[in-house]
Protein chains: 2
Amino acid sequence: MSPRNKELSEEMRTHSRATLIAAARHCFATRGYFNVRIADVAQQAGMSQGSIYWYFASKEDLLKAVLGEAFESLGAVMAEAAAAPGNARQKLDHLLSGLLQYAQEGSQFTSIMISLMGHTNEDMFARLGFDMDAIGLGYTESVLSILTQAQAEGVIPAEHNPLALTMMFFGLFNGLNLVYGQEWLSLPPETLKAGMLRLLGVQN
Amino acid sequence: MSPRNKELSEEMRTHSRATLIAAARHCFATRGYFNVRIADVAQQAGMSQGSIYWYFASKEDLLKAVLGEAFESLGAVMAEAAAAPGNARQKLDHLLSGLLQYAQEGSQFTSIMISLMGHTNEDMFARLGFDMDAIGLGYTESVLSILTQAQAEGVIPAEHNPLALTMMFFGLFNGLNLVYGQEWLSLPPETLKAGMLRLLGVQN
DNA sequence: CTATTGACTGAATAAGTATTCAATGATAGT
DNA sequence: ACTATCATTGAATACTTATTCAGTCAATAG
């Protein structure tokens, strides 16, 4: 009286779950959450609609899983740059490179976040269980710590307000994704980095 | 054998149509097109669902009316700055002031556009009858003309690529709206303008 | 007063889509 | 071989929501 052994079962489960999340990420990123049908995700994953409900309670629950990964990986990029050894200028380079790379590899994440951010369905994120203030604060703090170090080292003039710089920096990064999709990444990285550094007031 | 006279009828019509567009603009901007129900717009306008279909063929047709106004008014801001008299530096100031003012007064438009741009439902705009390439090009050209003049006048170093500057500029402006909603407008206008000018490589 | 027109209503309809669930298939211990 | 277990299926269900339409109302010319 026993079924498949534990290991295989576990393996199937993690595999299917990952397949579904990847399919959902792809669909949400390319067509936007509200334009994607559960049937689309199932087809993309090569599974049935019913299976989705074996792993996720609802379409929103699926979105939650996708977004969770997204927030985490973006946060990691920022935190890594802030924690990197070296002077402020090196950390800034680290941050810019990391974000450019993230924009290329993790472009699906950014697309999804953008497609949701536009919808000021205020409590959508809250309903999903995300504390956006806390998440945003985490990102902000990483960049802020680099900028204040840069001011201390005289790389950025002291008269600039670091919080304002951080906001503009995030605005620029997300805005390029918003307006130009992947297209902005075809600009030379040096041009992009130079622009971001100018925005931040970095003296060359 | 005759109804209400023409003038009154016409008046009712334009009034109701404007009311509906305003209601739709408000709803779309605050909750995002896909989260808004026709019933919501009707309630916001204080009219019945049926009335909407007296004036608009469909929900999309209503969106089209709202977006048409949006594109036009944003284009006007850019074109006005480009056509203003004076040197490049003055035109840049004109542009920045215009956009900041637009962001405050016409914030609903920007929110709606953002809520739609996120959805890479490629042909949505085309289905609505908008040629996005042409519209985007119009905006780009206005800014581009100012930037090339600025380079000719030595206000911006010649080594910068004006198209890249334009893209980053649009990215920054839209990104601030995307990430921070109206909140970014509480930063001092001088701080914002200074940041934008730095991004554009303007020498002070 | 009355007939005619056109704006307007809101309940009914039609379409679309998230979710459920009874049935199936696969596996492995007995 | 048998059976318990659990992932999986996909058609049926339940629900949401855009759209329709038969009818109401207000205004006015005759």
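Structure: above.
Thresholds applied
- Residues numbered from 1 in each chain as written.
- Chains lettered and ligands numbered in written order.
- Predicted model: local features only at pLDDT ≥ 70, side-chain atom pairs only at ≥ 80, totals over all residues.
- Heavy atoms only, no water.
- Least-squares fit on C-alpha atoms with pLDDT ≥ 70 in both.
- Contact = heavy atoms within 4.5 Å.
- Core = buried A, V, L, I, M, F, W, Y, C linked by side-chain atoms within 4.5 Å.
- Buried < 20%, exposed > 50% of the residue type's maximum accessible area, 1.4 Å probe, protein only.
- Salt bridge = Lys/Arg side-chain N within 4 Å of Asp/Glu carboxyl O.
- Helix = DSSP H or I, 4+ residues; strand = E, 2+ residues; numbered from the N terminus.
- Buried area = accessible area lost by both parts, 1.4 Å probe.
- Polar contact = N/O pair within 3.5 Å; in protein donor to acceptor, adjacent residues only side chain to side chain.
- Nonpolar A, V, L, I, M, F, W, Y, C, P; charged D, E, K, R; others polar.

With respect to the relation of the copies chain B and chain A
Okay, so step 1: For these two chains of identical sequence, chain B goes onto chain A by a turn of 179° and a shift of 0.0 Å along the axis, with RMSD 0.1 Å. Overall, the copies show the geometry of a two-fold rotation axis.
Okay, so step 2: Comparing interface residues between copies, 100% of those in chain B also lie at the interface in chain A; the contact surface is shared.

Focus: the nonpolar core
Okay, so step 1: Phe28, Leu67 and Trp184 of chain A together with Leu67 and Trp184 of chain B are the most contacted members of the largest nonpolar core, which totals 144 residues.
Okay, so step 2: Leaving out residues up to four positions away in the same chain, Leu67 of chain A has contacts with Ile112, Met113, Leu116, Phe125, Leu128 and Phe130 of chain A.

Looking at the pattern of salt bridges
Residues and elements named next belong to chain A.
Okay, so step 1: A complete count under the given rule lists nine salt bridges over all chains for this structure.
Okay, so step 2: Between Asp40 and Arg31 there is a salt bridge whose closest N-O contact spans 3.6 Å.
Okay, so step 3: Note on Asp40: relative accessible area 22%, which makes it partly exposed.
Okay, so step 4: Two residues, Asp93 and Arg89, come together in a salt bridge whose shortest N-O distance is 3.8 Å. Of this pair, Asp93 and Arg89 both sit in helix 5 (residues 88–105), four residues apart, which is roughly one turn of the helix.
Okay, so step 5: Given a relative accessible area of 30%, Arg89 falls into the partly exposed group.

Overview of the environment of Ser186 of chain B
Okay, so step 1: Mapped onto the elements of the fold, Ser186 of chain B is located in the loop between helix 9 (162–180) and helix 10 (189–199).
Okay, so step 2: We classify Ser186 of chain B as exposed; its relative accessible area is 63%.

What about the interface of chain B and chain A?
Okay, so step 1: With 39 residues of chain B at the interface, the matching set in chain A holds 39 residues.
Okay, so step 2: Both faces considered, chain B and chain A share a buried interface measuring about 3200 Å² in area, 67% of it formed by carbon and sulfur atoms.
Okay, so step 3: One can count three residue pairs in polar contact (both at pLDDT 80 or more) joining chain B with chain A.
Okay, so step 4: Within the residue set of the side of chain B that touches chain A, elements represented by two or more residues are helix 1 (6–31), helix 6 (107–117), helix 9 and helix 10 of chain B.
Okay, so step 5: It is helix 9 of chain B that provides the largest number of residues to the side of chain B that touches chain A, a total of 14 residues.
Okay, so step 6: Of the residues belonging to the side of chain B that touches chain A, the class tally is 20 nonpolar, 16 polar and three charged.

Section: the environment of Gly32 of chain B
Okay, so step 1: Tracing the backbone shows Gly32 of chain B in the loop between helix 1 and helix 2 (38–45).
Okay, so step 2: Along the backbone, Gly32 of chain B and Ser115 of chain B are 83 residues apart, and their C-alpha atoms lie at a distance of 5.6 Å.

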